[in-house]
Amino acid sequence: MKTRTILAAVAVLSLSAGTAFAASHARDTFIKEQDQNGDGVVTKDEYAATRAVQFAATDADRNGALSRSEYVGEFKARLEKKLATDARTPEKKEEERERQMRQADVRFDVLDSDKSSAITRAEFDYSGWRMFVTHDTNNDGAVSAADPVKEDPQA
């Protein structure tokens with residue numbers, strides 16, 4: 001079963017360059033981005049397989065850690081693809097590019113919790129699992145529409 005899940009994740013990710021690198025903060029977007037078999041449910045195994053593929057695809061030098069240039073470069077490539085189809089003015093696109101790239105640098109620093117100048121697989125996985133747990137509000141080990149959306153405490 002795990003092998004099938006991993007193979008499905010690899011196939012979907014290879015067909016959909018631009019799959020979200022960071023797990024979405026919105027439950028329904030999270031499901032849409034991470035549900036590799038289209039059943040409306042993101043299981044722990046499915047999510048782990050997707051994260052493993054994402055990490056491996058970003059680790060260009062295959063050293064088991066993401067450098068700032070690998071992490072930010074992967075994000076920039078996806079951002080440029082998205083901006084290319086955006087209907088905003090060139091000025092607005094540039095504002096968005098600058099804002100998003102600043103955030104990518106901030107995210108790298110946050111994810112690099114041991115301040116080693118690299119994001120280890122453990123650091124990468126920890127950030128993803130925090131988001132999985134946030135969305136699995138009914139604690140059944142999967143994220144689906146059955147999980148009540150938590151109230152945003154800052155709203």
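Scroll up for the structure.
Residues numbered from 1 in each chain as written. Predicted model: local features only at pLDDT ≥ 70, side-chain atom pairs only at ≥ 80, totals over all residues. Heavy atoms only, no water.

Chemist: When you look at the nonpolar core in this model, what are you seeing that I'm missing?
Modeler: Burial of nonpolar side chains together is a common tendency in soluble globular proteins. Leu66, Tyr71 and Ile119 are the most contacted members of the largest nonpolar core, which has 13 residues in total. Those elements that provide at least two residues to this core are helix H4 (68-84) and helix H5 (90-111). Take this core: its biggest share by element is five residues, from H4. Ranked by size, the runner-up nonpolar core spans seven residues in total, among them Phe30, Val42, Tyr47 and Phe132. (Core = buried A, V, L, I, M, F, W, Y, C linked by side-chain atoms within 4.5 Å. Buried < 20%, exposed > 50% of the residue type's maximum accessible area, 1.4 Å probe, protein only. Helix = DSSP H or I, 4+ residues; strand = E, 2+ residues; numbered from the N terminus.)

Chemist: I tried to follow helix H2 (residues 27-34) on my own but got confused; where do I start?
Modeler: Among all positions in H2, only Arg27, Phe30, Ile31 and Gln34 are buried. Buried residues of H2 fall within an arc of 95° about the axis and therefore sit on the same side. Away from its buried face, by an angle of more than 90 degrees, H2 presents the exposed residues Asp28 and Lys32. Structurally, H2 contributes buried residues whose contacts are with strand S1 (41-43), helix H3 (44-58), helix H6 (121-135) and strand S4 (142-144). (Arc of directions from axis to C-beta. Contact = heavy atoms within 4.5 Å.)

Chemist: Can you walk me through the packing of aromatic side chains in this structure?
Modeler: Aromatic ring pairs are described here by two measures, namely the spacing of the ring centres and the angle between the planes. Throughout the structure, instances matching the rule amount to seven aromatic pairs. Seen in terms of ring centroids, Trp129 and Phe132 are 5.1 Å apart; in terms of plane orientation they differ by 70°. Their pairing is edge-to-face. Note that Trp129 and Phe132 are positioned in helix H6 at a spacing of three residues, about one turn of the helix. Members of the aromatic cluster, each reached through a chain of ring pairs, are Phe30, Tyr47, Trp129 and Phe132. Residue placement shows Arg51 over the ring face of Phe124; its charged tip is 3.9 Å from the ring centre. (Phe/Tyr/Trp six-rings, centres within 6.5 Å; stacked < 30°, edge-to-face > 60°. Lys NZ or Arg CZ within 6 Å of the ring centre and 35° of its normal.)

Chemist: So what exactly am I meant to see when it comes to the pattern of salt bridges here?
Modeler: If charged atoms from side chains of opposite charge come close, those side chains can pair. This structure, assessed with the given rule, holds eleven salt bridges. Across the pair Asp109 and Arg68 runs a salt bridge, and its minimum N-O distance is 2.4 Å. Of this pair, Asp109 sits in helix H5 while Arg68 sits in helix H4; the two residues are 41 residues apart in sequence, bridging distant segments of the chain. The salt bridge involving Glu95 is made with Lys92; its shortest N-O contact spans 3.7 Å. With Glu95 and Lys92 both in helix H5, this residue pair falls three residues apart, about one helical turn. Taking relative accessible area as the criterion, Glu95 reaches 45% and is therefore assigned partly exposed. For Lys92, a relative accessible area of 44% gives the class partly exposed. When salt bridges with common partners are traced through the structure, they connect Asp86, Arg88, Glu96 and Arg99 into a single cluster. (Salt bridge = Lys/Arg side-chain N within 4 Å of Asp/Glu carboxyl O.)

Chemist: Whenever I open this one, unusual backbone geometry confuses me. Can you help?
Modeler: You will see that Arg62, though not glycine, has its phi angle at about 55°, which is positive. Checked against the element boundaries, Arg62 lands in the loop between H3 and strand S2 (65-67). Note on Arg62: relative accessible area 58%, which makes it exposed. One non-glycine residue with positive phi stands out, namely Asn139, at about 55°. Residue Asn139 is classed as exposed on the basis of its relative accessible area, which comes to 64%.

Chemist: Mind showing me how you'd approach the packing of H4 against H5 here?
Modeler: Two measures define how a pair of helices packs: the angle their axes make with one another and the distance between the axes. Two elements in contact, H4 and H5, have axes separated by 10 Å at closest approach and are oriented at 155°. What the angle tells us is that H4 and H5 run roughly antiparallel. Every pair of crossing elements has a handedness; the one defined by H4 and H5 is right-handed. Together, Arg68, Tyr71, Val72, Phe75, Lys76, Leu79, Glu80, Leu83 and Ala84 of H4 and Lys93, Glu96, Arg97, Gln100, Met101, Ala104, Asp105, Arg107, Phe108, Asp109 and Leu111 of H5 make up the contact between the two elements. In terms of residue class, the contact of H4 with H5 is built from ten nonpolar, one polar and nine charged. (Axes fitted to C-alpha atoms, helices over the stretch in contact; angles between N-to-C directions. Parallel < 35°, antiparallel > 145°, perpendicular 65-115°, else oblique. Left-handed = near helix turned anticlockwise from the far one by under 90°. Nonpolar A, V, L, I, M, F, W, Y, C, P; charged D, E, K, R; others polar.)

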